[in-house]
Amino acid sequence: QVQLVESGGGLVQAGASLRLSCAASGLTFSSYTMGWFRQAPGKDSEFVARILGSGGTAFYADSVKGRFTISRDNAKNTVYLQMNSLKPEDTAVYYCAARLLGTINYRYWGQGTQVTVSS
């Protein structure tokens, strides 16, 4: 059974930093592209970042480029999202997701962790 468990969310002031973690189990972690998505109240889900299985290549949404960094530790089956210079518009529930290399859709999703940035 595949499980993705996010942690690290919280309430911070604008300009602060947070690091989200997503621990995966039940899958061959290095065979999966890992992504972070977010959903703010009343808005559609939004892609944030993804990183390939090897950890060498990452992609970011324009809205977070230069502020967020995605990384992974394949030995720990964990993907991270370092979020710096947080803005109130970053407030959302953040989800991690797993997509088998070579496929299009994210098959596995975590339960989400709330990030709230106050102004």
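Quick notes on the rules
- Residues numbered from 1 in each chain as written.
- Predicted model: local features only at pLDDT ≥ 70, side-chain atom pairs only at ≥ 80, totals over all residues.
- Heavy atoms only, no water.
- Core = buried A, V, L, I, M, F, W, Y, C linked by side-chain atoms within 4.5 Å.
- Buried < 20%, exposed > 50% of the residue type's maximum accessible area, 1.4 Å probe, protein only.
- Contact = heavy atoms within 4.5 Å.
- Helix = DSSP H or I, 4+ residues; strand = E, 2+ residues; numbered from the N terminus.
- Pairing = 2+ DSSP bridges.
- Salt bridge = Lys/Arg side-chain N within 4 Å of Asp/Glu carboxyl O.
- Axes fitted to C-alpha atoms, helices over the stretch in contact; angles between N-to-C directions.

Another aspect to go through is the nonpolar core. One recurring pattern in soluble globular proteins is that nonpolar side chains are buried together. M34, W36, L81, M83 and Y94 are the most contacted members of the largest nonpolar core, which totals 30 residues. Once residues within four sequence positions are removed from consideration, M34 is found in contact with L4, C22, F29, A49, R50, I51, I70, R72, V79, A97, A98 and Y106.

Once that is clear, we can look at the environment of D73. Looking at the element boundaries, D73 is found in strand β7 (residues 68-73). Taking relative accessible area as the criterion, D73 reaches 24% and is therefore assigned partly exposed. Not counting the four nearest positions on each side in its chain, D73 is found in contact with F29, T78 and Y80.

Take the pairing of strand β8 (residues 78-83) next. Burial within β8 is extensive, with five of its six residues counted as buried. Pairing of strand β3 (residues 18-25) with β8, which is carried by six bridges, proceeds in the antiparallel orientation. The partner of L20 across the bridge, within β8, is L81. Examined bridge by bridge, β7 and β8 share six bridges and lie antiparallel to one another.

Under the counting rule described, the total for this entry stands at four salt bridges. A salt bridge links R38 to E46, with the shortest nitrogen-to-oxygen separation between them at 2.8 Å. Judged by relative accessible area, R38 falls into the buried class, the value being 5%. Among the residues examined, E46 registers a relative accessible area of 31% and is labelled partly exposed. Between D90 and R38 there is a salt bridge whose closest N-O contact spans 2.9 Å. Taken together, the residues span a long stretch of sequence, with D90 in the loop between β8 and β9 (92-100) and R38 in strand β4 (residues 32-39) at a distance of 52 residues. By relative accessible area, D90 is classed as buried at 0%. Where salt bridges share partners, they join R38, E46, R67 and D90 into one cluster.

One open sheet accounts for four strands, arranged β1-β3-β8-β7; its pairing is antiparallel. Every other strand in the sheet has two partners, leaving β1 (3-7) and β7 as the edge strands with one partner each. Neighbour to neighbour, the strand axes of the sheet diverge by 15 degrees on average, direction disregarded. Bridge count for β1 against β3 is five bridges, and the pairing is antiparallel. Residue pairing for β3: Q3 is matched across the bridge by S25.

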